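# Tertiary structure, described
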Amino acid sequence: MNIDSELRGDAKLLILREARIDAAGAMAFKEKVRTLIADHEDRVVLDMGQVEFLDSSGLGALVAVMKMLGRGRSLELAECGPVVSKVLTLTRMDQVFVLHDDVETALAARNAA
């Protein structure tokens, strides 16, 4: 799983460099994110701009990461494309995750969650 990580203000920005989060990559996604956020105590912004497909396993992986963060930390999604946005809306997960139109808006939204 190819994910870049950088600290930007109070947020750990994770840039997902994959076109899919699906059954084939869900476990690798969770493990990679777990490693990248282990030493970060604040919010996490996931740049979904390159993700073109999200299935139920991928959605489950996002939920697992959110739960992994625990209280006081949030998982915020930025730049979800039309397919990912549709999955989030149909499953009502758009009510669970903090969503941002783009990464810069997400990074500017301190304490959004």
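Up top is the structure.
This one's a predicted model, so the numbers in the text were calculated from it and none came from an experiment.

What follows covers the environment of Asp-102. Relative to the assigned elements, Asp-102 resides in the loop between strand E7 (98-100) and helix H4 (103-108). Separated by 39 residues in sequence, Asp-102 and Val-63 have C-alpha atoms that sit 20 Å apart. Leave out the neighbours within four places in its chain, and Asp-102 touches Ala-78 and Glu-79. At a separation of 3.2 Å, a polar atom in the side chain of Asp-102 contacts the main-chain amide nitrogen of Glu-104.

Our focus in this paragraph is the sheet that holds strand E6 (residues 75-78). The pairing of strands in a sheet comes from backbone hydrogen bonds and takes either a parallel or an antiparallel form. Ordered by their spatial adjacency, five strands build an open sheet running E1-E2-E4-E6-E7, and the pairing between neighbours is mixed. In this open sheet, the two strands that pair with only one neighbour each are strand E1 (3-8) and E7. Each adjacent strand pair in this sheet contributes to an overall mean axis angle of 25°, direction not counted. Summarising the sheet, E6 and E7 pair through three bridges and their orientation is parallel. From the neighbouring strand, Ala-78 faces E7, where its bridge partner is His-100.

Turning next to the side chain of Arg-73. Secondary-structure assignment places Arg-73 in the loop between helix H2 (56-69) and E6. Buried within the structure, Arg-73 lacks any salt-bridge partner; its nearest side chain of opposite charge belongs to Glu-41, at an N-O separation of 5.0 Å. Reaching out from Arg-73, the side chain makes a polar contact with the backbone oxygen of His-40 at a distance of 2.2 Å. If near-sequence neighbours (up to four positions away) are discounted, Arg-73 is found in contact with Ile-37, His-40, Glu-41, Asp-42 and Met-68.

For the rest of this paragraph, the subject is the pairing of E6. Because side chains alternate across E6, one face comprises the buried residues Leu-75 and Leu-77, and the other comprises Glu-76 and Ala-78, equally buried. Where strand E4 (residues 44-47) meets E6, four bridges bridge the pair, whose relative direction is parallel. If you follow Val-44 over to E6, its bridge partner there is Leu-75. Running through helix H3 (residues 82-90), the crossover from E6 to the neighbouring parallel element E7 is right-handed.

Attention now goes to the pattern of salt bridges. If you walk through the whole model with that rule in mind, you get eight salt bridges. The shortest N-O distance in the salt bridge between Arg-8 and Glu-104 comes to 3.3 Å. One end of the pair, Arg-8, is in strand E1; the other, Glu-104, is in helix H4, and 96 residues separate them in sequence. Close ionic contact of Asp-10 with Arg-43 constitutes a salt bridge, the shortest N to O distance being 3.1 Å. Of this pair, Asp-10 sits in the loop between E1 and strand E2 (11-16) while Arg-43 sits in the loop between helix H1 (26-37) and E4, and the two are 33 residues apart along the sequence. Arg-43 matches Asp-10 in its accessibility class, with the two residues each being buried. One network of salt bridges, with partners in common, ties together Glu-6, Arg-8 and Glu-104.

What counts as what
- Every chain is numbered on its own, with residues counted from 1 as its sequence reads.
- Totals for whole chains, interfaces and linings use every residue, but because this is a predicted model, local features are given only for residues with pLDDT of at least 70 and side-chain atom pairs only at 80 or more, for both listing and counting.
- Processing note: side-chain calculations cover all non-hydrogen atoms of the structure and skip hydrogens and water entirely.
- Only DSSP runs of H or I reaching four residues or more are called helices, and only runs of E reaching two or more are called strands; each is numbered from the N terminus.
- In this analysis, two residues are considered to be in contact whenever any of their non-hydrogen atoms come within 4.5 Å of each other.
- In protein, a polar contact requires one atom able to donate a hydrogen and another able to accept it; more generally it is a pair of N or O atoms within 3.5 Å, and residues adjacent in sequence count only if both atoms are side-chain atoms.
- By this definition, two strands are paired if DSSP reports at least two bridges between them.
- Helix axes use the C-alpha atoms of the stretch in contact, all axes being lines fitted to C-alpha atoms, and the angles between their N-to-C directions lie in the range 0 to 180 degrees.
- Only protein chains enter the accessibility calculation, which uses a 1.4 Å probe; a residue whose area is less than 20% of its type maximum is buried, one above 50% is exposed, and one in between is partly exposed.
- When charges are counted, neither His nor the chain ends are considered; positive counts come from Lys and Arg and negative counts from Asp and Glu.
- Salt bridge, as used here, is a side-chain nitrogen of Lys or Arg placed within 4 Å of a carboxyl oxygen of Asp or Glu.
- Handedness of a crossover is defined as follows: with both strands directed away from the viewer, a clockwise route from the first strand across the helix to the second makes it right-handed.

Geometric values such as these leave the question of function open.
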